[in-house]
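Descriptive structure summary
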Amino acid sequence: MGDGIGRYRGTENRLSRESRLPQWLRRRPKNTDAEDSRRVTLLLAAGAAGLPLAPAAYPVSYRCSCERMGCPTPGRHPVSFAWQTQSTTDPAQIERWAEGQPEANFITATGMVHDVLDVPLEAGRSALARLLERGIEVGPVAESGADRMLFFTATRGTPEDEDEWWPCELDCHPETMDEHPGLRWHCRGSYVLVPPARLPGELAVAWVRGPEHPLPDPLTLLETLTDACAKWAGGVEGGVDRHEVAWPLSR
């Protein structure tokens, strides 16, 4: 009798452990050790290039890790309201964040060291080819998901010259993406995801040209990018030349 009860309980415990195993596997981080190491290396390289970083949300299936109901930008936003002051290039802090939050994306705060010219992917690829053909210095470039390309440039404002800062929160904040399908200029008060980052639908943010490339003056890229965006917008609108650019605002 006692042996039967013991065998039953042993079987029950084994089945319980086996039933929990798939749940445990689903909760495990998807990154391998090699991917984790590469992720940390890329984030440290971005910090070393002067891009101030802060932790961001990450996708959980098609939802956001922030668990906000109906999050408008899943996996694309900072986790802290203090992201601007939290952003840093300190390698020790970046490494602590990256290792302590293995699933987290990272944003880089624009307008302090660098700006980002954010364009439709098709227009960006066309512009990048033209710029390189003409021998123009192009800095770091990343593809964001299936629809945007990010050109990293030097900023047009500096802390020493406060009046020259161009805030763009109203124009270029990620929540306004659908309102400005052309070129958006991320500068003070904005941010973008920095590679490597994951987006819903198995999409990603990845470098096309890494952060080892020096940051160019944005004005050296602007004409080519706006021309490419105008042609892209014209094609989208059935041949109508809709030159739509979200410019930085002045306070």
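Residues numbered from 1 in each chain as written. Predicted model: local features only at pLDDT ≥ 70, side-chain atom pairs only at ≥ 80, totals over all residues. Heavy atoms only, no water.

What about the overall build of the chain?
The following threshold applies: The way it works is that DSSP assigns letters per residue, a run of H or I at least four long becomes a helix, a run of E at least two long becomes a strand, and they are numbered from the N terminus. Under the scheme applied here, a residue whose accessible area is under 20% of the maximum for its type counts as buried, over 50% as exposed, and between as partly exposed, the area being computed with a 1.4 Å probe on protein chains only. Whether two residues are in contact is decided by their heavy atoms, any of which lying within 4.5 Å being enough. Using a 1.4 Å probe, the Shrake-Rupley method yields the accessible areas, and only the shown protein chains count as cover for residues.
For the chain, the helix and strand inventory stands at 7 helices and 12 strands. Residues counted as buried form 44% of the 251 residues belonging to the chain. In the chain, once contacts between residues fewer than 6 apart in sequence are set aside, the share between residues at least 24 apart is 74%. For the chain, the accessible area works out to roughly 13700 Å², and carbon and sulfur atoms hold 52% of it.

Some remarks on the side chain of His114
Inclusion rule: Under the rule applied, a polar contact is a pair of N or O atoms within 3.5 Å (in protein, one hydrogen donor and one hydrogen acceptor; residues adjacent in sequence only if both atoms are side-chain atoms).
One can find His114 in strand 5 (residues 114-120). There is a polar contact of 3.2 Å between the side chain of His114 and the side chain of Thr108. If we skip the residues at most four places from it in the chain, His114 touches Leu51, Pro52, Thr108, Ala109, Phe152, Thr153, Ala154, Thr155 and Leu215.

Overview of the confidence of the model for the chain
As a reminder, the rule being used: Values of pLDDT, which run from 0 to 100, indicate the predictor's confidence residue by residue.
In the predicted model, the chain carries a mean pLDDT of 79, and the fraction of residues at 70 or more is 71%. Overall, residues 162-180 carries pLDDT values under 50, and its contacts beyond four positions in sequence, including any with other chains, amount to 59 contacts.

Section: the pattern of salt bridges
Two side chains bearing opposite charge may form a pair once their charged atoms approach each other closely. Rule in force here: One side-chain nitrogen of Lys or Arg within 4 Å of one carboxyl oxygen of Asp or Glu is enough to make a salt bridge.
A complete count under the given rule lists 5 salt bridges for this structure. Where Asp118 meets Arg184, a salt bridge forms, and the shortest distance between an N and an O atom there is 3.3 Å. Of this pair, Asp118 sits in strand 5 while Arg184 sits in strand 8 (residues 183-186), and the two are 66 residues apart along the sequence. On the basis of relative accessibility, which here comes to 2%, the residue Asp118 falls in the buried class. Beyond isolated ion pairs, a larger network of salt bridges with shared partners links Asp118, Arg148 and Arg184.

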